[in-house]
Amino acid sequence: QPAAAFSISDITSRIDASGPKPVLFVDGEAANDGARAEQMPPLEIRVTGNDSQVTRYTLGTSGRSLAPGERFGFSSRLDVPRNGVRAVSVTFAG
């Protein structure tokens, strides 16, 4: 039987500057596209600032097991780099 194949989709990011300190919200969904239940690896969120500096954040998944076809929604609140955000990406932590 083939192993689980995890995917990440529907990534959105936005900056909320309404408070005293801007906050970067990153939302998305991970899914098990494989044929059997598997433990989902942690997620890594990479925020690239306008100065090309990359900050990595690890979003733990608490060892959650996803059944075939099951989806896992996630959301994070992160600090905004001082000089702004150029790009945001989400991958599985290796």
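This one's a predicted model, so the numbers in the text were calculated from it and none came from an experiment. (Residues numbered from 1 in each chain as written. Predicted model: local features only at pLDDT ≥ 70, side-chain atom pairs only at ≥ 80, totals over all residues. Heavy atoms only, no water.)

Turning to the side chain of Ser76, a few remarks are in order. Here Ser76 is to be found in strand E7 (residues 71–79). Excluding residues within four positions of it along the chain, Ser76 makes contact with Leu24, Phe25, Val26, Ile45 and Leu59. (Helix = DSSP H or I, 4+ residues; strand = E, 2+ residues; numbered from the N terminus. Contact = heavy atoms within 4.5 Å.)

On to the nonpolar core. By size, the foremost hydrophobic cluster in this structure holds 14 residues, and its most contacted members are Leu24, Val26, Ile45, Phe74, Leu78 and Val90. When residues of this core are traced back to their parent elements, those giving at least two are strand E2 (23–32), strand E4 (43–49) and E7. Excluding residues within four positions of it along the chain, Val90 makes contact with Ile8, Ile11, Val26, Leu43, Glu44, Ile45 and Phe74. (Core = buried A, V, L, I, M, F, W, Y, C linked by side-chain atoms within 4.5 Å. Buried < 20%, exposed > 50% of the residue type's maximum accessible area, 1.4 Å probe, protein only.)

Next up on the list: the sheet that holds E4. Judged by pairing direction, the sheet is antiparallel, and its 3 strands sit side by side in the order E5-E4-E8 without closing on themselves. Of all the strands in the sheet, just strand E5 (54–59) and strand E8 (85–92) have a single pairing partner and so form its edges. If you compare each strand with its neighbour and ignore which way they point, the axes differ by 20° on average. Direction of pairing for E4 relative to E8: antiparallel, over a ladder of 7 bridges. Following the sheet pairing, Leu43 is matched in E8 by Phe92. (Pairing = 2+ DSSP bridges. Axes fitted to C-alpha atoms, helices over the stretch in contact; angles between N-to-C directions.)

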